[in-house]
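# Reading the structure
Here's the letter readout for the chains.
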Amino acid sequence: MSEPDREPTEKPTTSKEEAESETKWMTRNWIGIAVVSILGLWLLVLGAMQATGLVDIFAPIADSGAAQWGVFFAMAIVLIILAGWSWKAIAG
């Protein structure tokens, strides 16, 4: 069994301003992660419906099936970039 830390990794806040600042930071970053997660689930559902032929949502922008999947994968890449930007604030 490992030995517990001698000191906590983060010190408790000592002022009201510092606590409010930390709360705003955490709220902003977790809302960003929630938005990326919701968009990811939406993109997953859209891709499943597109794959089964239930919807043809990209038809106005792309004529062929390959072009429609290209638009879908471009949206997925944008989502991955957005997720990396959002999660970088928490990890860093």
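Definitions and cut-offs
Residues numbered from 1 in each chain as written. Predicted model: local features only at pLDDT ≥ 70, side-chain atom pairs only at ≥ 80, totals over all residues. Heavy atoms only, no water. Helix = DSSP H or I, 4+ residues; strand = E, 2+ residues; numbered from the N terminus. Buried < 20%, exposed > 50% of the residue type's maximum accessible area, 1.4 Å probe, protein only. Contact = heavy atoms within 4.5 Å. Areas by Shrake-Rupley, 256 points an atom, 1.4 Å probe, with all protein chains shown as cover. Phe/Tyr/Trp six-rings, centres within 6.5 Å; stacked < 30°, edge-to-face > 60°. UniProt positions renumbered as here; feature names shortened; annotations may be inferred. Polar contact = N/O pair within 3.5 Å; in protein donor to acceptor, adjacent residues only side chain to side chain. Expected span 1.5 Å × (residues − 1).

## A closer look at the overall build of the protein chain
Helix and strand counts for the protein chain stand at two helices and zero strands. For the protein chain, with 92 residues in total, the buried portion stands at 16%. In the protein chain, of all internal contacts separated by at least 6 residues, the share reaching a separation of at least 24 is 53%. On the protein chain, roughly 7300 Å² of surface is accessible, and the fraction owed to carbon and sulfur atoms is 68%.

## Let's talk about the packing of aromatic side chains
Tallying each qualifying case throughout the model produces three aromatic pairs. Relative to F73, the ring of W69 lies with its centre 6.0 Å away and its plane at 35 degrees, an arrangement referred to as tilted. Note that W69 and F73 are positioned in helix α2 (residues 65–91) at a spacing of four residues, about one turn of the helix. Overall, the relative accessible area of 28% leaves W69 in the partly exposed class. Centre to centre, the rings of F72 and F73 are 5.6 Å apart; their planes meet at 70 degrees, and the pair counts as edge-to-face. On the accessibility criterion, F72 (10% relative accessible area) is buried. Through a chain of ring-to-ring contacts, the aromatic side chains of W69, F72 and F73 assemble into a single cluster.

## Notes on the UniProt feature "transmembrane region" (unreviewed entry) in the protein chain
Following the UniProt record, the feature "transmembrane region" (unreviewed entry) maps to residues 30–49 and 69–87 here. Secondary structure content for residues 69–87 is 100% helix and 0% strand, while the C-alpha to C-alpha distance between its ends is 26 Å.

## Some points on the side chain of Q68
By the element assignment, Q68 lies in helix α2. The buried category is assigned to Q68, whose relative accessible area is 5%. Of the polar contacts made by the side chain of Q68, one reaches the side chain of D56; its length is 3.0 Å. Filtering out sequence-adjacent residues up to four positions away, Q68 remains in contact with Q50, D56, F58, A59, A62 and D63.

## Overview of helix α1 (residues 16–52)
Given a rise of 1.5 Å per residue, 37 residues ought to cover 54 Å, and the 54 Å separating the end C-alpha atoms of α1 matches this to within 8%. Of all the positions in α1, only N29, I33, V36, L43, L46, G47 and Q50 are classed as buried. Note on α1: the residue one or two positions beyond its end, G53, has a positive phi of about 85 degrees.

## Notes on the environment of A34
Along the polypeptide, A34 turns up in helix α1. Judged by its relative accessible area of 34%, A34 is partly exposed. Separated by 52 residues in the primary sequence, A34 and S86 place their C-alpha atoms 9.5 Å from one another.

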